Amino acid sequence: MTLDDDARLPLDGGDTRLLTALAEAQDRFDAPPTGLVERLLFAISLDLMSAELATLEGGVLAGVRGGRPMTADTVTFTASGLSLMLVLTEVDGGVRVDGWVTGGGVTVEAHAGPEPEVQVSDATGRLSWPRIPHGPVRFLIRPPREGDRPVITPSIEV
Amino acid sequence: MTDPVPLSRRAEDAFRAYRDGDAGRLAELVALVTPPLWAIARSAGLDHQEAEDALQTVWIALVRHTDSVAEPRAVFAWLITTTRRTAWRTARRPRTAELADAVADPRPGPAEVAEASDEGRRLWRHVATLSPRCQALLRVIAYASTPDYATISTALGMPVGSIGPTRGRCLAALRRALATDPTWSTT
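How each quantity is defined
- Every residue gets a number counted from 1 within its own chain, in the order that chain's sequence is written.
- Here the convention is simple: chains get letters from A, ligands get numbers from 1, in the order in which they are written.
- The predicted nature of this model means local features are confined to residues of pLDDT at least 70 and side-chain atom pairs, given and counted, to a pLDDT of 80 or more, with totals for whole chains, interfaces and linings taken over all residues.
- Only heavy atoms go into the side-chain values, all of them from the structure, while hydrogens and water stay out.
- UniProt positions are given in the numbering used here, feature names are shortened, and annotations may be inferred rather than shown by experiment.
- Only runs of H or I of at least four residues qualify as helices and only runs of E of at least two qualify as strands under DSSP, and these elements are numbered from the N terminus.
- Here's how the labels work: a residue is buried when its accessible area is under 20% of the maximum for its type, exposed when over 50%, partly exposed in between, all with a 1.4 Å probe on protein chains only.
- Residue contacts are defined here by distance: any two heavy atoms, one from each residue, within 4.5 Å place the two residues in contact.
- Per-residue accessibility takes into account occlusion by the displayed protein chains alone, with areas from the Shrake-Rupley method and a 1.4 Å probe.
- In protein, a polar contact requires one atom able to donate a hydrogen and another able to accept it; more generally it is a pair of N or O atoms within 3.5 Å, and residues adjacent in sequence count only if both atoms are side-chain atoms.
- Here the quantity called buried area is the accessible surface, traced with a 1.4 Å probe, that two parts lose on coming together, added over both.
- Take a side-chain nitrogen of Lys or Arg and a carboxyl oxygen of Asp or Glu: if they are within 4 Å of each other, that pair is a salt bridge.
- Side-chain classes are defined by residue name, with Ala, Val, Leu, Ile, Met, Phe, Trp, Tyr, Cys and Pro counting as nonpolar, Asp, Glu, Lys and Arg as charged, and the others, Gly among them, as polar.
- Note on pairing: two strands pair once DSSP finds at least 2 bridges between them.
- Here, nonpolar core means buried Ala, Val, Leu, Ile, Met, Phe, Trp, Tyr and Cys residues that are tied together by side-chain atoms lying within 4.5 Å of each other.
- Per the annotation, domain bounds derive from an automatic or database assignment of domains.

- Its UniProt record gives chain B the following Sequence similarities (unreviewed entry) comment, quoted word for word: "Belongs to the sigma-70 factor family. ECF subfamily."

Structural data, given as structure tokens:
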């Protein structure tokens, strides 16, 4: 049987079983990573709302290599209209994050898992997350004024 | 494989609803089509981060240019074609050293290899020996159902004949590879 004849045969039960086995092998050896769909949806929503990407300030930048998340105890992000400072403290099973943002009543979302953890700054700009799981996290600062762009931070490793 | 409603049709329904203003249906579309798109990016030899970046580019292109998809019916093919082009462009980019053998590398972790001395593992190794294009085709088809085959082949740049669902050269190549493997059971 030539190559062409072989390829022109109609699909049979063996083909169907093979494709089923291939589907199982694919799930096992190269399935999409956990959380991929959520991260894609988050990236889409950032694009749709034209979020401004904040920059990391100061010496901690030295620890950032090749776009990979980094580790630090204190980080400051700045954007055109505001800044966000975070102090990270190890707690049982995660990291406590104490933050200060420019202005009171500002909504900041911590995106570490499928669901964001939302905090609103008090009158002095203070806000905190009691426990964020270890791993990559980024923060989305909702615009304090109507019509302003939201601000998204780069991902950091906590 | 056996889903009664073809993947292309479910993608069409979700995309049409999204385009007509039901923003929530986008999440359904992304969840539905991301696994086959991941398979295409990985078949092109991209590592995890590159594949994720490629998929992000594709989905953002879709929401930015929703109107450029002429017909909701075509969204599945549009996503496949755009992912193929994006992934193959990344794969062709000169990278440090390892590109040559990256194209056929399914990259299971060492622990998986150790514990998977079974049929699934052997099948996966044979799949990895196929051309990137055939890997993409078979991996996407494995997520879909028969009525989707022609759409998938065409969108991957391998138009099929008009004589209904045949095995095609990729599935034929995989079967020939397995036929020469004495450890593979054909039953």
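Structure's up, so let's keep going.
**Remarks on the overall build of chain A**
And then number 1: In terms of regular secondary structure, chain A is built from three helices and eleven strands.
And then number 2: Listed N to C, the secondary structure of chain A is α-α-α-β-β-β-β-β-β-β-β-β-β-β in terms of helices and strands.
And then number 3: Counting all 158 residues of chain A, 38% fall into the buried class.
And then number 4: Considering only intrachain contacts with a sequence separation of at least 6, the fraction spanning at least 24 residues in chain A is 48%.
And then number 5: Of the roughly 8,300 Å² that chain A leaves accessible, carbon and sulfur atoms contribute 53%.

**Here's the deal with the overall build of chain B**
And then number 1: What chain B contains, in helices and strands, is ten helices and zero strands.
And then number 2: In chain B, the proportion of contacts linking residues at least 24 apart, taken out of those at least 6 apart, comes to 67%.

**Here we look at the side chain of B:Thr82**
And then number 1: Here B:Thr82 is to be found in helix H4 (residues 75-92).
And then number 2: Reaching out from B:Thr82, the side chain makes a polar contact with the backbone oxygen of B:Trp78 at a distance of 2.6 Å.

**As for the interface of chain B and chain A**
And then number 1: At the interface, 49 residues of chain B touch 36 residues of chain A.
And then number 2: Taking both partners together, chain B and chain A bury about 3,700 Å²; carbon and sulfur atoms supply 66% of that area.
And then number 3: Our count for the contact surface shared by chain B and chain A stands at seven salt bridges.
And then number 4: Among the salt bridges present, the one from A:Asp30 reaches B:Arg42, with a minimum N-O distance of 2.9 Å.
And then number 5: Connecting chain B to chain A are eleven residue pairs in polar contact (both at pLDDT 80 or more).
And then number 6: Among the elements of the structure, helix H2 (25-43), helix H3 (48-64), helix H7 (119-129), helix H8 (132-141) and helix H10 (168-179) of chain B are those that each provide at least two residues to the side of chain B that touches chain A.
And then number 7: Sort the elements by how many residues they give to the side of chain B that touches chain A and H2(B) lands first, with nine residues.
And then number 8: Taken together, the residues of the side of chain B that touches chain A break down into 30 nonpolar, eight polar and eleven charged.

**Considering the pairing of strand E4 (residues 83-91) of chain A**
Residue and element names in this part refer to chain A.
And then number 1: Where strand E3 (residues 74-78) and E4 come together, five bridges link them in antiparallel fashion. By the bridge assignment for E4, Thr74 is matched with Val87.
And then number 2: With antiparallel pairing between neighbouring strands as the criterion, E3 and E4 make up a hairpin whose turn holds four residues.
And then number 3: Pairing of E4 with strand E5 (residues 94-101) involves eight bridges; the strand directions are antiparallel. Counterpart to Glu90 in the pairing with E5 is Val95.
And then number 4: The turn joining E4 and E5, which pair antiparallel and follow one another in sequence, is formed by two residues; a positive phi near 75° is taken by Gly93.

**Details of the environment of A:Val106**
Residue and element names in this part refer to chain A.
And then number 1: Mapped onto the elements, Val106 comes out in the loop between E5 and strand E6 (107-111).
And then number 2: Among the residues examined, Val106 registers a relative accessible area of 2% and is labelled buried.
And then number 3: For the pair Val106 and Pro143, spaced 37 residues apart in sequence, the C-alpha to C-alpha distance is 7.5 Å.
And then number 4: Residue contacts for Val106: discarding those within four places in its chain leaves Val101, Gln119, Val120, Ser121, Leu127, Ile141, Arg142 and Pro144.

**Side note on the nonpolar core**
Taken as a class, soluble globular proteins show a tendency for nonpolar side chains to be buried jointly.
And then number 1: Residues B:Leu29, B:Val33, B:Trp59, B:Ile80, B:Ile152 and B:Leu174 are the most contacted members of the largest nonpolar core, which totals 65 residues.
And then number 2: Counting contributing residues, this core receives three or more from each of domain 1 (1-31) and domain 2 (39-157) of chain A.
And then number 3: Excluding anything up to four places from it in sequence, B:Val33 contacts B:Ala11, B:Trp59, B:Phe76 and B:Leu79.

**A few points about the sheet that holds E3(A)**
All names here are of chain A.
And then number 1: Strand order in this open sheet of five strands is E2-E3-E4-E5-E8, and the pairing throughout is antiparallel. Each of the sheet's edge strands pairs with one partner strand only, and the pair in question is strand E2 (55-56) and strand E8 (126-132).
And then number 2: One ladder, built from five bridges, connects E5 with E8; its direction is antiparallel. Each residue of the ladder has a partner; that of Trp100, found in E8, is Arg126.

**Observations concerning unusual backbone geometry**
All names here are of chain A.
And then number 1: Here the phi dihedral of Ser50 falls at roughly 50°; this positive angle occurs in a residue that is not glycine.
And then number 2: Mapped onto the elements of the fold, Ser50 is located in the loop between helix H3 (36-48) and strand E1 (52-53).
And then number 3: Its relative accessible area of 42% is what places Ser50 among the partly exposed residues.

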